[in-house]
Amino acid sequence: RLAGAVQGKKSVFETDVFDGIINEIKTENEKAKRIIADHVRGAAFLALDGILPSNADRGYILRRILRRAIRYGKLANLSPNFLVSLIKTVAEAYEGVYSEFQASMEGIVAVVQEEEKKFSKTLEKGLKELHEIIDWWNRTTMVQEVDRRTGIIPNAKNIILGFGTEDEIELG
């Protein structure tokens, strides 16, 4: 926020801090750009501090922000491993202040790639189960109770949440 005020910008995403990251994200979806840029920046610093994705504490935060960035990348049709180049862009933007980025880059990239791989498997498995539930539901009932806000049947929503994703994903 301070950078935005000093630079006379309406949004932090218009500042030089985010400029290089946002320019590298090739999508017209501004919301996705901002979410991905913010999350990849945070993830880079968490990984730089030696935090690894996990199901507890700071590791859980890293896992969630990486997965949210990956999910928005998928929704924006970005290529697999798009986060790797963005992590490198973050490191280049901050190398004058955080010289340790270059020495840690290989490890940070490995963390990001591994989490993307795990999340892709989890998402694939979760979507498969979700489609099976939807197919079963369509075969066994005429009345389809659907959450009006999300468009998802209640049991399916539990599957989505159970696989570490949110109801923002689109079913295809």
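Look up: the structure comes first, before these words.
Numbering of residues begins from 1 in every chain and follows the order in which that chain's sequence is written. Totals for whole chains, interfaces and linings use all residues, but because this is a predicted model, local features are given only for residues with pLDDT of at least 70 and pairs of side-chain atoms are given and counted only at 80 or more. Computation of side-chain values covers all heavy atoms of the structure but excludes hydrogens and water.

(A) Looking closely at the overall build of the protein chain. On a plain count of helices and strands, the protein chain comes out with seven helices and zero strands. Secondary structure elements are taken from DSSP: a helix is a run of H or I of four residues or more, a strand is a run of E of two residues or more, and numbering for both begins at the N terminus. Order of helices (α) and strands (β) in the protein chain, N terminus to C terminus: α-α-α-α-α-α-α. For every residue, the accessible area (1.4 Å probe, protein chains only) is compared with the maximum for its type, and the residue is labelled buried under 20%, exposed over 50%, or partly exposed between those bounds. Counting only residues that meet the buried cut, the protein chain has 40% of its 172 residues in that class. Two residues qualify as a contact provided that any one of their heavy atoms is within 4.5 Å of a heavy atom in the partner residue. In the protein chain, the share of contacts with a sequence separation of at least 24, taken over all contacts with a separation of at least 6, comes to 57%. Values of accessible area rely on a 1.4 Å probe in the Shrake-Rupley scheme; residue burial ignores everything except the protein chains shown. Counting every atom, the protein chain has about 10,300 Å² of accessible surface; 50% of that belongs to carbon and sulfur.

(B) Geometry of the nonpolar core. To qualify as a nonpolar core, a set must consist of buried Ala, Val, Leu, Ile, Met, Phe, Trp, Tyr and Cys residues joined through side-chain atoms within 4.5 Å. Within the largest apolar cluster, 39 residues are counted, with the highest numbers of intra-cluster contacts made by Ile21, Ile36, Leu62, Leu83, Leu86 and Phe101. Listing elements by their share of this core, those giving two or more residues are helix H2 (16–24), helix H3 (30–48), helix H4 (57–75), helix H5 (82–94) and helix H6 (100–140). Counting residues per element, this core draws most heavily on H3, which supplies ten residues.

(C) Quick peek at the packing of aromatic side chains. Aromatic pairing here means that ring centres of Phe, Tyr or Trp (its six-membered ring) are within 6.5 Å. Orientation follows from the plane angle: under 30 degrees is stacked, over 60 is edge-to-face, and everything else is tilted. What the rule picks out here adds up to five aromatic pairs. A centroid spacing of 5.2 Å and a plane angle of 70° characterise the contact between Phe45 and Phe101, whose relative ring orientation is edge-to-face. With Phe45 in helix H3 and Phe101 in helix H6, the pair connects residues that are 56 residues apart, well separated along the chain. Relative to Phe101, the ring of Tyr98 lies with its centre 6.4 Å away and its plane at 75°, an arrangement referred to as edge-to-face. In textbook terms, an aromatic cluster arises when at least three aromatic residues are bridged by ring pairs, as seen for Phe45, Tyr94, Tyr98 and Phe101.

(D) Spotlight on unusual backbone geometry. Here the phi dihedral of Asp57 falls at roughly 50°; this positive angle occurs in a residue that is not glycine. Mapping Asp57 onto the fold places it in helix H4. Residues other than glycine seldom take positive phi values, yet Asn77 does so here, at roughly 60°.

(E) Highlighting the environment of Asn29. Relative to the helices and strands, Asn29 is located in the loop between H2 and H3. The class of Asn29 is partly exposed, set by a relative accessible area of 36%. There is a polar contact of 3.1 Å between the side chain of Asn29 and the backbone nitrogen of Lys31. The term polar contact refers here to a pair of N or O atoms within 3.5 Å; inside protein, the definition further demands a hydrogen-donor-capable atom paired with an acceptor-capable atom, and it admits residues adjacent in sequence only when both atoms are side-chain atoms.

(F) Inspection of the side chain of Thr89 at higher detail. Secondary-structure assignment places Thr89 in helix H5. On the accessibility criterion, Thr89 (12% relative accessible area) is buried. Excluding residues within four positions of it along the chain, Thr89 makes contact with Gly20, Ile21 and Glu24.

(G) Representation of the pattern of salt bridges within the structure. Salt bridge, as used here, is a side-chain nitrogen of Lys or Arg placed within 4 Å of a carboxyl oxygen of Asp or Glu. All told, the structure shown has three salt bridges when counted by the stated rule. The closest approach of N and O atoms between Glu115 and Arg63, which form a salt bridge, is 2.9 Å. Of this pair, Glu115 sits in helix H6 while Arg63 sits in helix H4; the two residues are 52 residues apart in sequence, bridging distant segments of the chain. Pair check on accessibility: Glu115 and Arg63 agree, each one buried.

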